[in-house]
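Secondary and tertiary structure notes
Here's the letter readout for the chains.
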Amino acid sequence: MSYRVNNAEIEGQHPLLKVTPVRFLRIRLVLTIIISIMTGFMFALALRWSKKLYNWFLFTPCNVEETGTHYRVDTQNGQQFTLEKQQMNGIYYFTFRLLKYAFDPKSQSYQPIEFETDGRIIKDIVANRNVLTQNQEIQYYGKCQLQIPIQPLAEFLFEHLTGPFNILQYFAVAVWFAQNSITFPILILAFTAIAVIVNYILYRRSRSLLQKLANIHQNVILKSDTLRTVNGSELLPGDYIILQEGQQLNCDCAILQGDVMVNEATLTGENVPIPKTALPDHSVKFNFESLNQHCLFEGTSIVKVNSTTENVAIVLRTGFSSLRGQYFRNVLFPAPPSQRFYIQAAKFILSFATIIAIVYGFMLIKYIPMEFKTSLLVLRFLDNIVWSIPPSMPIFFNICKTASLVRLSSIGINGSNADKIESAGRIDTCCFDKTGTLTTLGLKAIKVWTHDQSLEQIANYILACCHHLLLINGELQGDPLEIEMLSFIGWKINFEGKSFFSVKKDQQEFEIIKIFDFSSARQMMSVIATDGSNFYLFSKGSPEMINQQSQDKKQVVLDEVKKYASNGFRVLGLGYRKLSKNQLDLQREELETQLNIVGMFVLENPLKDDTPQVIQTLRNSGLDIKVISGDSPLTTIYCAKISGIIDLNSEVVILDYNSSKRQIVIFDNDTQTNYDENVIENQNIIEEIIRNPKMTALTGKFLEFISKFLTVVNPNRDTSLSMTQNNSSNQIFTENNVIEFDDIRMKETTMKLISKTRVFARQKPEQKKQIVAMLQEMGRQVMMTGDGANDCSAIAQAQVGISFSESDASYTAPFSSKSTSLKCCVQVLAQGKAAIMTIIEVFQYQLSVNGIKFAAVTIMFLEVQNFSEFQTVYVGFISNIPLLIFLCISSPTTELAEYIPLDDQFSYQNQIQIYTNIFFAVLGLCINYGILTTTDRFFEYSKPIEKFQREGYLNSIMFLSLMYYFMSFGVSIYVSNPFKVKYYKNILLTLWTTLGFVVAIVSFIFPQRATWCDVINIKEDTFQGFNWVVLTVVIVTSFFGFFFQALLQRYIPSMYKITHKS
């Protein structure tokens, strides 16, 4: 029986879907041991590789929760895990990705173990904070610190040395040992061991760095009956702590008393002091999002506290339950990479192995009459299979991706997930935040505009008073916009002896007595100020919201706002009202009504210097570019135009929604048209806009309207199980979720509209994520670039995310740039395309090399010959390994291609290239064998044949031919245009292949040099005059192979042009 999961906010990007209690079958364990011994432990390895087989064979579902020994959990992205059942204080639980989950008998569901706050009355939270004993709280919630798990060496080695390719490698080694080959298999094992150990060193270094970033070591003052100082790691949910200046919090908490100024740069990337105040009403339900201005989060630094009172906070979330902990969980447990490339490669390898087996079967017609010992034929067959599936291939794939990360790191771009390099090479859609990403963070004041000249003085009062600036260490700090605003009007600010501050110019002075900080929900901020005789509420914010809250709405103000916003200026609406003394203690919602709209404050937010150039580069490469911003539609449209996302002269239709009137609002030039909400009619309207050649822009309100017609489910979800989704929109749209519409036509219409739209304005953070998810539902490969915490959800949702922030929130992004330049986007994409192309080349090279090795040995069997020990090492290691390593470190070109590498190895384009290489090389080997048969140089053997001759005339010709072909393959499979630098610019690869060609040619021309011949086991009298003929055959067939490869790459390339699906 499966149980639903009552999802919680602390799960972050890793919500569970359902939990099934299962019982471990001991009799099956005994059976597993017996079968494993009988199969040489292959069955045990199969259980390790296949979670489905492991779960099916060793566990059985339970109808009653109490009878289970383990839990089978299903995630919302389709993954499945079996976890051990644990017990504490009579409660059964399991741990999934560092969070504990327990069964709730009342709701018959599982839920994360947390200090419950969301949806509870604040005074109840405070009253029941000490229900559990300290020991119980430690067991439930753990320590108040982020302990990054580091896998022990033995466990790491077991995991990385028992994969499918590793087992194949051990099988190959056993076959080679059986054929009396010693040196080569030992070198292969040593190479693998070194690669795994190096990976472990890099893994430990990465985890150690992460642990340093996660650590917050400090003492805190705990308030109970008395004040006492404790280590920060000892804090538990429900504890009261005293907030102090200079303190960096290691927990999430809410302020109960006092007020503080904090710096949330580690969370948002914005180094701006933010005011936080005590919870105003303890009779309301608690919610982190709605009460954000009263909550403090782990990693936050306290820069100033209220010195007139004790500043007390209650600890609510600790460890990996905190917001910062969720960021680190995203790094520790990234989304599984796409297996499409490896599945298609496996299909090709299987077909390749089948062809080799068939060819070998036909050759048995020749071998059997020669009276080979049966064991030799069997070992040879097994050797063929090993060669068809190169066991070292994954090592070189990892080298390709790691080399790309190293190159990015050298230019200031840090990558945390090597698999995302591959994803970067497939991107066809780029989404950008606006402020701080396309534009700079700096603002320049332009002017103050009022709809009546008599209000100019009031506008100055608003600008002087309506802010929350601070004096820290003698320096004025706060929102850069507010600093610019105060500087622009020239008023003096004074903090001495004030609860907040006073401002003065000439004889006019105001003192601030209450501040309502900016609320994203209300889209405004306000202050209460007095000039000594009168009280005023001064407000600034979204012009639309200020106008909406005004008693006398002014269309002329909105018209002026539109004019400035259309030219890319940032506009703040200004409003005020006079207050009586008995109104000062009213709630904010009551005060911020019946305003008098004054006018607006105009600022400029310029583009970054390289934004237009980078956007043009991306558009030239065929990418679909979109901007997703929280700014106004007109400002965002202007930014899109001057940055090049849409053409400067393009006309743009804006789709908005008026929720109060339940109307779709369409702005087309200066025309505004309203349509009542009607599903069928609305679809027709949207379809007409899609057909319209004009560009489109969508607002967040319109997206909310569309969202009413869709739901999001998991493709692997058990539809018979009644599930409840998290109330948070952030938890709904995950990478493997499927968006479903109640109406198929509405789905098609909406998807086409999202595909066409390049400007998304007034979008909330969860809506940014929703847009990315909808693009992915169309089959798009999306990259999201942003600079702050409000972009984290969208960045985590996208296949590839880039952050300019050096905050903890940037860990959500696979790539973070130390520079604010947009060039990092081009560099990540270029590295991704080059890496995929190189991986394709590595695959083609290894299959081509192994194909002709099989052909050469198959031919040598006709003369009862095989490679010597040194020759085996040379063709399998000395020649190939350096070439592959140098190939893996190939650099990308500086130009971003409008193509994407075709990484489907089962496609005919990639298959024909491999088989072309093999065909011409095998042709050359056959011709040279034919030339040898015209002479009298044959090896006499006796029957039955029990062993091979490890040198001979045919052996010498085959080996020398392979020496040349291996180098020629390295040249012919290398594709520079349009993804990578020219071949000769890869200096190490060029030098190695040149050296290989020289060695091969010299060996052909001077086979009589005794010392060199002894080293490579070549018979001195192999050629006797026809060495030039054999060399010519090799060179000519290599040339034809190279020529046909060039033709194939030109007319049937392993790439495809970027197209945009809708």
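Residues numbered from 1 in each chain as written. Predicted model: local features only at pLDDT ≥ 70, side-chain atom pairs only at ≥ 80, totals over all residues. Heavy atoms only, no water.

Right, let's get into the overall build of the chain. For the chain, the count of helices and strands is 35 helices and 43 strands. A globule of 1062 residues ought to have a C-alpha radius of gyration of about 31 Å, and the chain, at 35 Å, matches this closely. Here the C-alpha coordinates of the chain stretch approximately 120 × 70 × 60 Å along the principal axes. Burial statistics for the chain: of 1062 residues in total, 55% are counted as buried. Across the chain, every contact between residues at least 6 apart in sequence was considered, and the portion connecting residues at least 24 apart equals 73%. Accessible surface computed for the chain: about 45,200 Å², of which carbon and sulfur atoms make up 55%. The positive charge centre, built from 94 side chains, and the negative charge centre, built from 94, are 4 Å apart in the chain. (Helix = DSSP H or I, 4+ residues; strand = E, 2+ residues; numbered from the N terminus. Rg over C-alpha atoms; globule rule 2.2 N^0.38 Å. Buried < 20%, exposed > 50% of the residue type's maximum accessible area, 1.4 Å probe, protein only. Contact = heavy atoms within 4.5 Å. Areas by Shrake-Rupley, 256 points an atom, 1.4 Å probe, with all protein chains shown as cover. Lys, Arg positive; Asp, Glu negative; His and termini not counted. Charge placed at Lys NZ, Arg CZ, Asp CG, Glu CD.)

For the chain, the domain assignment lists domain 1 (1-113), domain 2 (221-332), domain 3 (390-411 + 829-1057), domain 4 (429-438 + 609-711 + 739-818) and domain 5 (444-604). Taking only C-alpha atoms into account, the centre of domain 2 sits 62 Å from that of domain 3. (Domains from an automatic or database assignment.)

Taken in spatial order, the three strands line up as 15-14-17 in an open sheet, and their pairing is antiparallel. Lying at the two open borders of the sheet, with one neighbouring strand each, are strand 15 (273-277) and strand 17 (301-305). Sheet twist, expressed as the mean angle between neighbouring strand axes with direction ignored, is 35°. (Pairing = 2+ DSSP bridges. Axes fitted to C-alpha atoms, helices over the stretch in contact; angles between N-to-C directions.)

Once that is clear, we can look at the nonpolar core. Membership of the largest hydrophobic core comes to 90 residues, with the highest contact counts inside it found for Tyr367, Phe372, Phe843 and Met958. If you look at the next biggest cluster of nonpolar residues, it comprises 42 residues, including Val652, Val826, Ala835 and Ile900. (Core = buried A, V, L, I, M, F, W, Y, C linked by side-chain atoms within 4.5 Å.)

Let's shift gears to helix 17 (residues 480-489). Those residues of helix 17 that fall on the buried side of the exposure criterion are Leu481, Glu482, Met485, Leu486 and Ile489. Within helix 17, the buried residues cover an arc of 130° as seen down the axis, which keeps them to one side. Measuring from the side-chain oxygen of the N-cap residue of helix 17 to the backbone nitrogen of Leu481 gives 2.9 Å; that N-cap residue is Asp479. Residue Gly490 follows helix 17 closely and has a positive phi angle near 80°. (Arc of directions from axis to C-beta. Polar contact = N/O pair within 3.5 Å; in protein donor to acceptor, adjacent residues only side chain to side chain.)

Residues annotated in UniProt with the feature "transmembrane region" (unreviewed entry) correspond here to residues 25-47, 184-203, 348-368, 873-893, 914-932, 952-975, 987-1006 and 1026-1048. Annotation note: span residues 25-47, helix share 83%, strand share 0%, distance between end C-alpha atoms 14 Å. Strand forms 0% of residues 873-893 and helix 71%; the C-alpha atoms that close the span are 34 Å apart. (UniProt positions renumbered as here; feature names shortened; annotations may be inferred.)

Per-residue pLDDT for the chain averages 85, and the proportion of residues at 70 or more is 93%. Here residues 711-739 scores under 50 on pLDDT; set against residues more than four positions off or in separate chains, the count is 75 contacts. (pLDDT = per-residue confidence, 0-100.)

What you see with strand 40 (residues 800-803) is no split at all: Val800 and Ile802 on one side and Gly801 and Ser803 on the other are buried throughout. In this sheet, strand 41 (residues 815-817) lies alongside strand 40 in parallel orientation, the contact comprising two bridges. From the neighbouring strand, Ile802 faces strand 41, where its bridge partner is Phe815.

Here the focus is the pattern of salt bridges. Tallied over the full model, the rule gives 27 salt bridges. The salt bridge involving Lys276 is made with Glu264; its shortest N-O contact spans 3.2 Å. Placement of the pair is Lys276 in strand 15 and Glu264 in the loop between strand 14 (259-263) and helix 9 (265-268), with a sequence separation of 12 residues. Comparing Lys276 with Glu264 shows no difference in burial state: the two are buried. Across the salt bridge formed by Lys540 and Glu482, the nearest N and O atoms sit 3.0 Å from each other. Of this pair, Lys540 sits in strand 28 (residues 535-541) while Glu482 sits in helix 17, and the two are 58 residues apart along the sequence. Note on Lys540: relative accessible area 7%, which makes it buried. Overall, Glu482 belongs to the buried group, its relative accessible area being 7%. Residues participating in the shared-partner salt-bridge network are Lys401, Asp419, Glu422, Arg426 and Asp903. (Salt bridge = Lys/Arg side-chain N within 4 Å of Asp/Glu carboxyl O.)

Before going further, it helps to spend a moment on unusual backbone geometry. Peptide bonds are trans in most cases, and residues, glycine excluded, mostly fall at negative phi. Between Asn977 and Pro978 the backbone carries a cis peptide bond, its omega angle lying at 5°. Along the polypeptide, Pro978 turns up in the loop between helix 32 (953-972) and helix 33 (987-1005). The phi dihedral of Glu371 falls on the positive side, at around 65°, and the residue is not glycine. Secondary-structure assignment places Glu371 in the loop between helix 11 (340-367) and helix 12 (374-388). The phi angle at Gln594 is positive, at roughly 55°, despite the residue not being glycine. In this structure, Gln594 sits in the loop between helix 20 (588-591) and strand 30 (596-604). Gln594 sits in the partly exposed class, given a relative accessible area of 46%.

Pairing is antiparallel across the open sheet formed by six strands, whose spatial order is 11-10-12-18-13-16. Two strands close off the open sheet at either side, each with one partner strand: strand 11 (227-231) and strand 16 (295-296). Where strand 13 (residues 252-257) lies against strand 16, two bridges are found, and the strand directions are antiparallel. From the neighbouring strand, Ala254 faces strand 16, where its bridge partner is Cys295.

Considering all chains together, one arrives at 56 aromatic pairs under this definition. Centroid distance Trp491 to Phe510: 6.4 Å. Interplanar angle 35°. Geometry classified as tilted. With Trp491 in the loop between helix 17 and strand 24 (492-494) and Phe510 in strand 26 (residues 508-519), the pair connects residues that are 19 residues apart, well separated along the chain. Exposure remark for Trp491: the relative accessible area of 6% places this residue in the buried category. Exposure remark for Phe510: the relative accessible area of 1% places this residue in the buried category. (Phe/Tyr/Trp six-rings, centres within 6.5 Å; stacked < 30°, edge-to-face > 60°.)

Okay, a nonpolar patch on the surface next. Together, Val1036, Phe1039, Phe1040, Phe1043, Phe1044, Leu1047 and Tyr1051 line one region of the surface with nonpolar side chains, adding up to about 670 Å² of accessible area. Within the secondary structure, Phe1040 sits in helix 35 (residues 1027-1051). (Patch = residues over 30% accessible without salt bridge, like charges linked within 9 Å, V, L, I, M, F, W, Y side chains within 5 Å.)

Further remarks concern the environment of Tyr983. You can see Tyr983 is positioned in the loop between helix 32 and helix 33. A sequence separation of 206 residues divides Tyr983 from Glu777, and the C-alpha atoms of the two residues are 39 Å apart. At a separation of 2.9 Å, a polar atom in the side chain of Tyr983 contacts the side chain of Thr993.

Our focus in this paragraph is the environment of Asn658. With respect to the secondary-structure elements, Asn658 resides in strand 32 (residues 652-658). The spacing of Asn658 and Lys562 is 96 residues in sequence and 18 Å in space, taken between C-alpha atoms. What Asn658 contacts, discounting residues up to four positions off in sequence, is Gln663 and Val665.

Attention now moves to the pairing of strand 20 (residues 429-432). Side chains Thr429 and Cys431 project from strand 20 onto one buried face, and the interleaved Cys430 and Phe432 project onto a second face that is buried too. The sheet contact formed by strand 20 and strand 31 (residues 624-628) spans four bridges and is parallel. Across the sheet, Cys431 pairs through a bridge with Lys626, a residue of strand 31. Looking at chain direction, strand 20 and strand 39 (residues 782-786) are connected through four bridges and run parallel. Bridge assignment links Thr429 to a residue of strand 39, and that residue is Val782.

Attention now moves to the packing of helix 24 (residues 700-707) against helix 26 (residues 765-777). Two elements in contact, helix 24 and helix 26, have axes whose closest approach is 11 Å; the angle formed by their N-to-C orientations is 55°. Between helix 24 and helix 26, the crossing angle belongs to the class labelled oblique. When you trace helix 24 past helix 26, the crossing you get is left-handed. Within the contact between the two elements, helix 24 uses Gly700, Leu703, Glu704 and Ser707 and helix 26 uses Gln767, Gln770, Ile771 and Met774. Grouping the amino acids of the contact of helix 24 with helix 26 by side-chain chemistry returns three nonpolar, four polar and one charged. (Parallel < 35°, antiparallel > 145°, perpendicular 65-115°, else oblique. Left-handed = near helix turned anticlockwise from the far one by under 90°. Nonpolar A, V, L, I, M, F, W, Y, C, P; charged D, E, K, R; others polar.)

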